[in-house]
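Residues per chain are reported as follows:
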Amino acid sequence: MSAQITTFTNGFRVVTEHMPGIESATVGLWIEAGARHEVEAQNGVAHFLEHMAFKGTARRSALQIAEEIEDVGGYINAYTSREMTAYYARVLRADVPLALDVLADIVLNPAFDAREIEVERGVILQEIGQALDTPDDIIFDWLQETAYPAQPIGRSILGPSAQVSSFDAGDLRRFVTEHYGPGQMILSAAGAVDHDTLVRLAEPLFAHLPARPRLVAEPARFVSGERREMRRLEQAHFALALEAPDYRAPDFYASQVFSGALGGSMSSRLFQRLREDRGLCYTVFAQSGAYSDTGLITIYAGTGAAEIGELAVLTIEELKRAAGDMREDEVARARAQMKAGLLMGLESPSQRAERMAKLLSIWGRVPDISEAIARIEAVDGPAVRAHAEQMLERSGMALALYGPIDRAPYLAALSERLAA
């Protein structure tokens, strides 16, 4: 059954998909506001706001929020990305009204109690500290910042500790006022749900909200650069990025297939050459991620201090070689993996609800899965090679290195190898 969509007069959208044979449902509110919608002084506030949603409302304490969902065996959570913030719950069929009421309450009526702000501030500062102590986590924040310097899309989602330490209720309310209008909200649900029933439940909660103007995020500008952080660690962490297509670009799927064949699996080129043939690393992968106006192909590997130079050079060689001689069987394998991942994900109500919300945000509709499969199937060897060649010709690179990196080549040297 295809997705059903209803839009209220104030711009609030409801999208659902009933999944026969499923007794549970995922219900969530996806807000088209994330870290890239913050001005510099707000960096980290979107994530702070997500945390505070669970710290009490005018009707419920923090404990009651958790208890009401868990009393019926449900699960509630949230996340902040660079372009969206999501609040969602998974419950049994009969408890969908409860889940929606709780979600609406925490998003629309957060208490922002001063004591709870201080408690959660401590939690977030611990989260920032944990990220800083996790090299294969923080290096991606550094890579993002290097690729998009002095831009909202390049800043950390968590924000800097000093700034997080200064946020108060006024900062949180200001971001809500600016970005949590009904036109920026999508109620998405999948599984044991009925569309008309969910719309009726949502109307008294959201239909009365006044429409607000949408603040447009600053456009992204990819910039070549590098960041090197020396530290005594067991491994040297290597992360490289090239600009990739945005969600709507004609070569979006070619980019996804290319990154999959390059480093998306055990049979991929990077895995086979760097790990299986040379034994240079335990972890190596490539992935393609997209935003509304840009994207990144990212390559990551962790290696030893003595091996970092060879690993970096071989990575560039494989990147360059793949753009010239990517075989049809490699492309077919990457296509199959991409299709399987997409279809397997649709067996989960949570992933289906998230997919619908994101597609509705991007396209203003929810394309049928057959449309995505057809676009993946249309990607062949020539399309992948043409995309890769154009990407290498037009784009510089961003590089982030962390750990014992004395022997790591600089970006200029790697760029020369790529251009040779």
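Starting afresh in each chain, residues are numbered from 1 along the sequence in its written order. Two thresholds apply to this predicted model, a pLDDT of at least 70 for residue-level local features and 80 or more for giving and counting side-chain atom pairs, whereas whole-chain, interface and lining totals are computed over all residues. The basis for every side-chain value is the complete set of heavy atoms in the structure, and neither hydrogens nor water enter the calculation.

Undergrad: What am I meant to see in the overall build of the protein here?
TA: Secondary structure elements follow DSSP: runs of H or I of four or more residues count as helices, runs of E of two or more count as strands, with numbering from the N terminus. Tallying secondary structure elements over the protein gives 16 helices and eleven strands in all. Radius of gyration here uses only the C-alpha atoms, and the compact-globule reference equals 2.2 Å multiplied by the residue count raised to the power 0.38. Taken against the 2.2 N^0.38 rule, which gives 22 Å for 420 residues, the C-alpha radius of gyration of the protein at 23 Å falls within 12% of a compact globule. Residues count as neighbours in contact if any of their non-hydrogen atoms are within 4.5 Å of one another. Within the protein, residue pairs in contact and separated by at least 24 positions form 82% of the contacts whose partners lie at least 6 positions apart. For the protein, the exposed surface amounts to about 17,900 Å²; the carbon and sulfur share of it is 52%. By the counting scheme adopted, Arg and Lys are positive, Glu and Asp are negative, and His together with the chain ends is not counted. Lys charges are placed at NZ, Arg charges at CZ, Asp charges at CG and Glu charges at CD. Positive and negative charge centroids in the protein, built from 41 and 58 side chains respectively, lie 3 Å apart. Areas reported here follow the Shrake-Rupley algorithm with a probe of radius 1.4 Å; residue values treat only the protein chains shown as occluding.

Undergrad: What am I meant to see in the nonpolar core here?
TA: A general trend in soluble globular proteins is that nonpolar side chains are found buried together. As used in this record, nonpolar core signifies buried Ala, Val, Leu, Ile, Met, Phe, Trp, Tyr and Cys residues forming a set joined through side-chain atoms within 4.5 Å. The buried label goes to any residue with under 20% of its type's maximum accessible area, the exposed label to any with over 50%, and the partly exposed label to all in between, with areas taken from a 1.4 Å probe on protein chains only. Judged by nonpolar contacts, the single largest core of 52 residues is most densely connected at Phe12, Tyr87, Ile106, Tyr180, Leu187 and Phe206. Broken down by element, this core gets its largest block of residues, eight residues, from helix 3 (residues 96–108). Among residues more than four places away in sequence, those in contact with Tyr180 are Ile31, Ala33, Leu49, Thr85, Tyr87, Val107, Phe175, Met185 and Arg212. Listed in part, the 49 residues of the second largest apolar core include Ala254, Cys281, Ala372 and Ala408.

Undergrad: Is there a simple way to explain the pattern of salt bridges in this structure?
TA: A side chain with one charge can pair with a side chain of the opposite charge if their charged atoms come near. Salt-bridge detection follows one rule: a side-chain nitrogen of Lys or Arg within 4 Å of a carboxyl oxygen of Asp or Glu. By the definition in use, this model includes 36 salt bridges. When the shortest N-O distance is used, the salt bridge between Arg278 and Glu310 registers 2.6 Å. With Arg278 in the loop between helix 10 (269–277) and strand 9 (281–290) and Glu310 in helix 11 (residues 308–325), this residue pair connects regions lying 32 residues apart in the sequence. Arg278 gets classed as partly exposed once you look at its relative accessible area, which sits at 40%.

Undergrad: What am I meant to see in helix 12 (residues 328–345) here?
TA: Side chains three or four residues apart in an α-helix point the same way, a direct result of the helix having 3.6 residues per turn. In a regular helix each residue adds 1.5 Å, so 18 residues correspond to 26 Å; helix 12 covers 26 Å between its end C-alpha atoms and thus fits that length. Along its buried surface, helix 12 packs onto helix 9 (252–263), helix 10, helix 11, helix 13 (349–363), helix 14 (369–377) and helix 15 (381–394). One less than the residue count of a helix, multiplied by 1.5 Å, gives the span that helix is expected to have.

Undergrad: Explain the sheet that holds strand 5 (residues 85–92) to me, please; I cannot follow it from the model alone.
TA: Two strands in a sheet stick together by hydrogen bonds in their backbones, pointing the same way (parallel) or opposite ways (antiparallel). Between any two strands, pairing holds if DSSP finds at least two bridges. Pairing in this open sheet of six strands is mixed, and the strands run 1-2-6-3-5-4 from one edge to the other. Edge positions in the sheet fall to strand 1 (4–7) and strand 4 (75–80), since each of these pairs with one other strand and no more. Within the sheet, the average angular offset between the axes of one strand and its neighbour, ignoring direction, is 15 degrees. The pairing of strand 4 with strand 5 spans six bridges and is antiparallel. The partner of Thr80 across the bridge, within strand 5, is Thr85. Along the sheet, helix 1 (residues 45–52) contacts strand 4 and strand 5; its crossing angle with strand 4, the most-contacted strand, is approximately 170 degrees. In the packing of helix 8 (residues 195–206) onto the sheet, the strands contacted are strand 1, strand 2 (13–18), strand 3 (24–31) and strand 6 (185–191), and the crossing angle to strand 2 comes to about 155 degrees. The axes are straight lines fitted to the C-alpha atoms, using for helices just the contacting stretch, and the angles between their N-to-C directions are given from 0 to 180°.

Undergrad: Looking at this structure, how should I read the sheet that holds strand 9?
TA: If you trace the five strands from one edge of the open sheet to the other, you get 7-11-8-10-9, paired in mixed fashion. The strands lining the two open edges of the sheet, one partner per strand, are strand 7 (225–230) and strand 9. In this sheet, neighbouring strand axes are inclined to one another by 10 degrees on average, regardless of whether the strands run parallel or antiparallel. Sheet topology note: the strand 7/strand 11 (residues 397–403) ladder contains six bridges and is parallel. The residue of strand 11 that forms the bridge with Glu226 is Leu399. Relative to strand 8 (residues 236–244), helix 15 is tilted by about 105 degrees, and along the sheet it contacts strand 8 and strand 10 (295–303).

Undergrad: Would you mind going over the side chain of Gln256 with me for this structure?
TA: You can see Gln256 is positioned in helix 9. Residue classification places Gln256 among the buried residues on the basis of a relative accessible area of 19%. Residues adjacent in sequence count toward polar contacts only when both atoms are side-chain atoms; beyond that, a polar contact is any pair of N or O atoms within 3.5 Å, and within protein one must be able to donate a hydrogen and the other to accept it. Here Ser288 takes part through its backbone oxygen, which lies 3.1 Å from a polar atom of the side chain of Gln256. When near neighbours in sequence (up to four residues on either side) are disregarded, Gln256 contacts Ser288 and Met338.

Undergrad: Explanation requested: the environment of Met266 in the structure shown.
TA: With respect to the helices and strands, the residue Met266 is situated in the loop between helix 9 and helix 10. You can call Met266 exposed: its relative accessible area is 60%. Beyond its immediate chain neighbours, meaning those up to four positions away, Met266 contacts Phe271 and Gln272.

Undergrad: Would you mind going over the pairing of strand 11 with me for this structure?
TA: Every other side chain in a regular strand lies on the same face of the sheet, so the side chains alternate between the two faces. With respect to burial, strand 11 is a largely interior element, seven of its seven residues being buried. Sheet topology note: the strand 8/strand 11 ladder contains six bridges and is antiparallel. Pairing of Leu242 across the sheet is with Met397, part of strand 11.

Undergrad: What exactly am I supposed to notice about the pairing of strand 5 here?
TA: In terms of burial, strand 5 is a largely internal element, six of the eight residues being buried. In terms of strand pairing, strand 3 meets strand 5 through eight bridges, oriented antiparallel. When the sheet's bridge partners are listed, Ser24 is paired in strand 5 with Leu92.

In short, the description is geometric, and any link to function would need to be established separately.
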